[in-house]
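# Report on the structure
Next come the chains, spelled out residue by residue.
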Amino acid sequence: MFISIQFSRKTIVYSMKTALSFGIIFLFALLHSNIIGQASEKLISNYLVEHKIDLKLTETDINNWSVYDSHISEKTGIEHLYIRQNHQGIELYNAVATIAIKNSAIIHFENRFISNVSGKINTESPKISPKMAIQSACNHLGIQNTTKIKLKEKVKENYIIFKGGNISLENIPVQLYYFPTDLDIKLVWDLSIYLPSKKHWWSMRVDAQTGEVLDQVDWVVSCTFESNNTVDFSVSTKKSIPSKSSLSLAPALPPGTDQYRVYGIPTESPNHGPRSLIIGPADTIASPFGWHDDNGVSGAEYTVTQGNNVRATEDINNNNGVGFMPDGGVNLNFDFPLNFNNTPVSNQSAAITNLFYWNNIMHDVYYQYGFDEASGNFQGNNYGNGGIASDYVYAEAMDGGGSNNANFATPSDGNHPRMQMYLWTAAVNPYSLTINSPALIAGQYYTTGASFGPSLPTTPLTGNLILVNDGSGSPSEGCSTLINASSVSGKIALIYRGNCNFTQKVQNAQNAGAIGVIVINNTSGSPINMGGSAPTITIPSIMISDVDGALIVAQLSNTVNASIQGSTGQQIDGDFDNGIIAHEYGHGISNRLTGGASNTNCLGNAEHMGEGWSDWFGLMLTMQPGDSGTEGRGMGTYAKGQLANGAGIRPTPYSTDFAINPSTYSTTNNTATISAPHGIGYVWCTMLWDLNWALIDRYGFDDNVYSGSGGNNKAMELVIEALKLQPCSPGFVDGRNAILAADMLLNNGANQCLIWNVFANRGLGFSASQGSASSRTDQI
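Because the structure is a prediction, the values reported are computed rather than measured.

## What to know about the pattern of salt bridges
A complete count under the given rule lists 18 salt bridges for this structure. For the salt bridge of Glu396 with Lys198, the shortest nitrogen-to-oxygen distance reads 2.8 Å. You can see Glu396 sitting in strand S18 (residues 393-397) and its partner Lys198 sitting in the loop between strand S10 (185-194) and strand S11 (201-207), a full 198 residues away along the chain. Note on Glu396: relative accessible area 1%, which makes it buried. With a closest N to O distance of 2.7 Å, Arg418 and Glu396 form a salt bridge. Of this pair, Arg418 sits in strand S20 (residues 418-421) while Glu396 sits in strand S18; the two residues are 22 residues apart in sequence, bridging distant segments of the chain.

## Here's the deal with the packing of aromatic side chains
Scanning all chains against the criterion turns up 31 aromatic pairs. For the pair Tyr260 and Trp291, a centre-to-centre distance of 5.4 Å together with 50° between the ring planes defines the contact as tilted. In this pair, Tyr260 is assigned in strand S14 (residues 259-262) and Trp291 in the loop between strand S15 (276-279) and strand S16 (310-314), connecting sequence segments 31 residues apart. Neither residue differs from the other here; Tyr260 and Trp291 are each classed as buried. For the pair Trp684 and Phe732, a centre-to-centre distance of 5.2 Å together with 70° between the ring planes defines the contact as edge-to-face. With a gap of 48 residues between them, Trp684 in helix H11 (residues 678-699) and Phe732 in helix H13 (residues 732-747) connect regions that are remote in the sequence. Overall, Phe732 belongs to the buried group, its relative accessible area being 0%. Among the aromatic side chains, those forming a connected cluster through ring pairs are Tyr260, Trp291, Phe334, Phe336, Phe356, Tyr357 and Trp358. The positively charged end of Arg84 is found above the aromatic ring belonging to Tyr68, 4.1 Å away from the centroid. In this structure, Arg762 is placed above the aromatic ring of Phe658, and the distance from its NZ or CZ to the ring centre is 4.0 Å.

## Quick word on the packing of helix H10 (residues 610-620) against H11
It is at 6 Å that the axes of H10 and H11 come closest, and there the two elements cross at 45°. The orientation of H10 with respect to H11, classified from their angle, is oblique. Read as a crossing pair, H10 and H11 show a hand that is right-handed. The residues of H11 that touch H10, namely those facing Glu611, Gly612, Trp613, Asp615, Trp616, Leu619 and Met620, are His678, Gly681, Trp684, Cys685, Leu688, Trp689 and Asn692. In the contact of H10 with H11, the residues fall into 8 nonpolar, 4 polar and 2 charged.

## Observations regarding the sheet that holds strand S26 (residues 516-520)
As a general point, the strands of a sheet are linked pairwise by backbone hydrogen bonds and lie either parallel or antiparallel. The strand order across the open sheet built from 7 strands is S23-S22-S28-S24-S25-S26-S27, with neighbouring strands paired in mixed fashion. Edge positions in the open sheet fall to strand S23 (443-445) and strand S27 (541-544), since each of these has one partner strand only. The mean inter-strand angle of the sheet, taken between neighbouring strand axes irrespective of direction, is 35°. The pairing of strand S24 (residues 461-467) with strand S25 (residues 492-496) spans 3 bridges and is parallel.

## A word on the confidence of the model for the chain
Mean pLDDT over the chain works out to 89, with 90% of the residues at or above the 70 mark. Contacts of residues 226-254 to residues separated by more than four positions or lying in other chains number 89 contacts, the stretch itself having pLDDT below 50.

## Some thoughts on helix H4 (residues 130-141)
A rise of 1.5 Å per residue sets the reference length of H4, with its 12 residues, at 16 Å; its end C-alpha atoms lie 17 Å apart and thus fit the reference within 8%. Every buried residue of H4 is accounted for by Pro130, Ala133, Ile134, Ser136, Ala137 and Cys138. On its buried face, H4 sits against strand S8 (159-162), strand S9 (172-180), S10, S11 and strand S12 (213-218). Phi turns positive, to about 75°, at Gly142, one or two residues after H4.

## Some points on the environment of Gly710
Here Gly710 is to be found in the loop between H11 and helix H12 (711-725). C-alpha of Gly710 to C-alpha of Asn692: the two residues are 18 residues apart in sequence and 10.0 Å apart in space. Ignoring anything within four residues of it in the chain, the contact list for Gly710 reads Tyr699, Gly700 and Asp702.

## Some thoughts on unusual backbone geometry
The omega torsion of the bond from Ser437 to Pro438 falls at 5°, within 30 degrees of zero and hence cis. The step from Ala676 to Pro677 runs through a cis peptide bond, and the omega angle for that step is 5°. Considering the arrangement of structural elements, one finds Pro677 in the loop between H10 and H11. Despite not being glycine, Lys198 has its phi angle at roughly 70°, a positive value. Its identity is not glycine, yet Leu332 carries a phi of approximately 50°, on the positive side. Mapped onto the elements, Leu332 comes out in the loop between S16 and strand S17 (333-334). The exposure class of Leu332 is buried, given its relative accessible area of 12%.

## Let's talk about the environment of Gly731
Position of Gly731 relative to the elements: it lies in the loop between H12 and H13. C-alpha of Gly731 to C-alpha of Glu607: the two residues are 124 residues apart in sequence and 5.2 Å apart in space. Ignoring anything within four residues of it in the chain, the contact list for Gly731 reads Glu607, Met609, Gln770 and Ala773.

## Some thoughts on the pairing of strand S4 (residues 79-87)
Extensive coverage of S4 is indicated by the burial of 9 of its 9 residues. Along S4, one buried face is formed by Glu79, Leu81, Ile83, Gln85 and His87 and the opposite face, lined by His80, Tyr82, Arg84 and Asn86, is buried too. Examined bridge by bridge, strand S3 (residues 65-72) and S4 share 7 bridges and lie antiparallel to one another. Across the sheet, Asp69 pairs through a bridge with Tyr82, a residue of S4. Hairpin connection between S3 and S4: a loop of 6 residues separates the two successive antiparallel strands, and Gly77 in this loop has a positive phi of roughly 75°. Here 8 bridges tie S4 to strand S5 (residues 90-102), and the two strands are oriented antiparallel to one another. By the bridge assignment for S5, Tyr82 is matched with Thr98. Following S4, the chain reverses through 2 residues before pairing antiparallel with S5; Gln88 in that reversal takes a positive phi of roughly 55°.

## Here's the deal with the state of the cysteines
What is meant by a disulfide is a covalent connection between two cysteines, made through their sulfur atoms. Within this structure, the stated rule accounts for 2 disulfides. Between the sulfur atoms of Cys479 and its disulfide mate Cys500 the distance is 2.1 Å. Since a negative S-S torsion denotes a left-handed disulfide, the Cys479-Cys500 link at about -90° is left-handed. Of this pair, Cys479 sits in the loop between S24 and helix H6 (485-488) while Cys500 is found in the loop between S25 and helix H7 (502-511), placing the two residues 21 residues apart along the sequence. Each member of the pair, Cys479 as well as Cys500, carries the same accessibility label: buried. Bridging Cys602 to Cys728, the disulfide has an S-S length of 2.0 Å.

## What about the sheet that holds S14?
Spatially, the 3 strands line up as an open sheet ordered S15-S14-S17, and their pairing is mixed. Both edges of this open sheet fall to S15 and S17, since each of them pairs with a single strand only. In the sheet, S14 pairs with S15 via 4 bridges, with the strands oriented antiparallel. Note on S15: the bridge partner recorded for Arg261 is Leu277.

Each value, and the rule that gives it
Residues numbered from 1 in each chain as written. Predicted model: local features only at pLDDT ≥ 70, side-chain atom pairs only at ≥ 80, totals over all residues. Heavy atoms only, no water. Salt bridge = Lys/Arg side-chain N within 4 Å of Asp/Glu carboxyl O. Helix = DSSP H or I, 4+ residues; strand = E, 2+ residues; numbered from the N terminus. Buried < 20%, exposed > 50% of the residue type's maximum accessible area, 1.4 Å probe, protein only. Phe/Tyr/Trp six-rings, centres within 6.5 Å; stacked < 30°, edge-to-face > 60°. Lys NZ or Arg CZ within 6 Å of the ring centre and 35° of its normal. Axes fitted to C-alpha atoms, helices over the stretch in contact; angles between N-to-C directions. Parallel < 35°, antiparallel > 145°, perpendicular 65-115°, else oblique. Left-handed = near helix turned anticlockwise from the far one by under 90°. Contact = heavy atoms within 4.5 Å. Nonpolar A, V, L, I, M, F, W, Y, C, P; charged D, E, K, R; others polar. Pairing = 2+ DSSP bridges. pLDDT = per-residue confidence, 0-100. Expected span 1.5 Å × (residues − 1). Disulfide = S-S within 2.5 Å.

And the structure:
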């Protein structure tokens, strides 16, 4: 037999003649681990005794706890431990302490223990059974339980697993816990139900006395990519589609014959660059046997889009099964045609290949920074490197369960997460104006529409442009009958905003024979939506900014030809928006690393920053050489039908420039325009994005995202380490402090002032207060 043993991430494959040899090695490793564990637990016990008063804990509180997760970070040598408080052997929900140990000393301690537990317990005996708890949960969720709840396994006293039946896609584990409330600590049954729709995987706390559902957290994070209603992107919006490199940045994997035609890292989407044929992209450290292995022996087990890190398949019918997977043959050649003029299903081989590639990229890149097997990453086979195996990602392309969205379900270590990527309905085209000639100003321009007149045409309306003249003192405002009607007839009219209603301007142009109207804004900033009502108007009209208008008018001495076109109506496949794929995978990273891999309930509080980390993960892997922090980066621009420089799906694009993105910590208090959790996450990502660029300013940018030494690499190191260090149910101050602590541990504090300045610049300085992390409106 072959056994893969890893020392310092260098994999050595040994041929063992008998399983006994492996047993001896395993026993040695287990004994060594137990010795380390006992020493660490002794350190923790001593620490709790010494700091009992500071932590406001009683003698009983500090004597009743157990370690439920631990691992050693390869990069730092730090042992991360997660301990949970208990009472009479029953654990307290999210009463967790997060601890870091190095050189036999506790170097970081975050406390979420509950004070005076024994005085707050409401009961020690349940009145309702585990089956009754499941029934109560079903009633709460509106589930019609048509099958008998059947026992699968009794793991131990007060921990039972039931079959999912028609209630849940997965088995239903039910365990007795204590749940802290504002008034007391209640005995509850903790259980999880994965709805057959796959839209929710509820982790629930059911009162063990009354059957009331006291708390629930959804392990399926639906990203709800909202429409952007508040953007003020006041820069010139004329920009051609950029031509940027999409070369793979991964070290070569000999012999590296597997190949994938995809929008390769760092290309964000089809709008950001062309597809490339990427050969041998698997990282030798993170995926030592390639992307199609799952037994740890040289040679692929799969010729389809399945391997140790992910199984990518279509789920058009939303039947939760294994659908079509493209086959690369024995040579693993995943080079498939792509034609966006066809329906998405016609491109499914290319789409699924892209989804498979980017899930593996996320796995391999963030492995380098500490999201590895021991810390709870997603792998079928952990190759002897710790953690719990059998949890590669189920990635579902063109999922039929929804639209205009995506989601990621993150259960505890050892259970499969699921990524669902949906199709997007075509949005109104925000770049509906294309200048065809002259070449000097050719390209697509940001536009807004009108509430009157017909919808913009799905086929291009093309014509030469003409500036109107109404013979008044402001002749180009078109407020009176046009005196150059013969020139306007059959052309697209240019009209400046001002002095009369939009409907009057467009009606005058239509009366003169114009086939369409472009209104030029007369104030700085973005164009606005044109209001009004006029049933007699039959030609389309749009508005452009004053800056773009000046560019066009300056060329009117030549012939300026343009086209106006609205949405084509074709659906957009989210499987090609790599920023969204990375965002979804990022939920898995932050949920597994915060509070330990076996506890994925630590990001359910009101001020949590899960959406922010996910946006940031996507931004980091789609950075290009030559980018700058001040330029606006929109999230999800491709899926929303925008161009590469579009405003995206957040309140503003991400930028270090306050003129583009003015958000500060106080913005999170604004419940009217900043949503939860997405808007809150947007503010956190804004700060992380600033941090990334401050580090790049100091250390430079390195396009080797695997092992580079640039500021972007240092930012990724800090964020991953901070996720491990921060407490369960963190707020912004907790997140900031964890990054400061990570810098102390990784860099001996070399960047402390830089980090403080970055956060203070966005209102999260020394005197900022998060209040309760369970409230989103008490921040200072």
